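Reading the structure
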Amino acid sequence: MGRSELREHIFKMIFGLEFTEEKQIEKQLELYLDQLDEVSEKDRSYMLAKAKAIAEKVCEIDAMINENATGWKTTRMNKVDLSILRLAVYEMKFDDDVPVKVAINEAVELAKRFSGDEGPAFINGVLGKLA
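These notes cover the structure that comes with them. Owing to the predicted nature of the structure, the values given are computational and were not obtained by experimental measurement.

Reading the values: rules and limits
- Residues numbered from 1 in each chain as written.
- Predicted model: local features only at pLDDT ≥ 70, side-chain atom pairs only at ≥ 80, totals over all residues.
- Heavy atoms only, no water.
- 1 Å grid on protein atoms, 1.4 Å probe; cavity = no way out; pocket = protein on both sides within 12 Å on 5 of 7 lines; lining within 4 Å.
- Points joined across faces, edges and corners; volume = space filled by probe spheres on them.
- Helix = DSSP H or I, 4+ residues; strand = E, 2+ residues; numbered from the N terminus.
- Nonpolar A, V, L, I, M, F, W, Y, C, P; charged D, E, K, R; others polar.
- Axes fitted to C-alpha atoms, helices over the stretch in contact; angles between N-to-C directions.
- Parallel < 35°, antiparallel > 145°, perpendicular 65-115°, else oblique.
- Left-handed = near helix turned anticlockwise from the far one by under 90°.
- Contact = heavy atoms within 4.5 Å.
- Salt bridge = Lys/Arg side-chain N within 4 Å of Asp/Glu carboxyl O.
- Buried < 20%, exposed > 50% of the residue type's maximum accessible area, 1.4 Å probe, protein only.
- Core = buried A, V, L, I, M, F, W, Y, C linked by side-chain atoms within 4.5 Å.

Roughly 350 Å³ of volume is contained in the largest pocket. Of all elements in the fold, only helix H1 (3-17), helix H2 (25-34) and helix H3 (41-56) reach the threshold of two or more residues within the lining of the largest pocket. It is H3 that provides the largest number of residues to the lining of the largest pocket, a total of four residues. Residues belonging to the lining of the largest pocket are distributed by class as follows: six nonpolar, one polar and seven charged.

It is the contact of H1 with H2, at a shortest axis distance of 10 Å, that shows an interaxial angle of 140°. Between H1 and H2, the angle is such that the two are oblique. Considering the relative orientation of H1 and H2, their crossing is right-handed. In this structure, H1 contributes His9, Lys12, Met13 and Leu17 to the contact, and H2 contributes Ile25, Gln28, Leu29, Tyr32 and Leu33. Classifying every residue of the contact of H1 with H2 gives six nonpolar, two polar and one charged.

What follows concerns the pattern of salt bridges. Note that side chains of opposite charge can pair when their charged atoms are close. Overall, the coordinates contain 14 salt bridges when judged by the stated rule. We note a salt bridge from Lys112 to Glu109, for which the minimum N-O separation is 3.2 Å. Here the residue Lys112 and the residue Glu109 both occupy positions in helix H6 (residues 100-114), the gap between them amounting to three residues, near one helical turn. Here Lys112 falls in the exposed class, since its relative accessible area comes to 53%. In this structure, a network of salt bridges that share partners links the residues Arg7, Lys50, Glu91, Asp95 and Glu106.

What follows concerns the packing of H1 against helix H5 (residues 79-94). The geometry of H1 relative to H5 is characterised by a closest axis approach of 9 Å and an angle of 125° between their N-to-C directions. As far as their axial angle goes, H5 and H1 are oblique. You can see that H1 and H5 cross each other, and the crossing is right-handed. Two secondary-structure elements touch here, H1 through Arg7, Ile10, Phe11, Ile14 and Phe15 and H5 through Lys79, Val80, Ser83, Ile84, Leu87 and Glu91. Partitioned by chemical class, the residues of the contact of H1 with H5 number seven nonpolar, one polar and three charged.

Moving on, we get to the nonpolar core. The tendency in soluble globular proteins is for nonpolar side chains to be buried as a group. Counting residues in each nonpolar core, the largest one holds 40 residues, and the members touching the most others are Ile65, Ile84, Ile123 and Leu127. Elements that contribute at least two residues to this core include exactly H1, H2, H3, helix H4 (58-68), H5, H6 and helix H7 (119-130). At nine residues, H5 tops the list of elements feeding residues into this core. In contact with Ile123, not counting residues within four places along its chain, are Asp81, Ile84, Leu85, Ala107, Val108 and Ala111.

Distances and angles like these do not, on their own, reveal function.
This is the structure we're talking about:
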């Protein structure tokens, strides 16, 4: 599985956590991974570890988003954009394997696929300020 595909699955996992109680997070992540066909153990472990790491740092990540999203707070953002931002901010600030430009570009690509018409520009603006 390529990095972009892995990132898309992690985004979907993070999005799903928006509707999950904290005590159910691990179970929901496992359920998501169980429904994927033909995923290697290496990819499964990578996705699970990254999704858990993002979930653990969500308060810190949200604070960074709130500081850089002019006129918006995470509590008002749509869940798709918020999930994309959380993944990208995590990659930019806590994942040394992902260059900042790649994290921003991949986030904009996710927004083009899953967000509304203004999503890609919004995502790009917030992440550009954060970078």
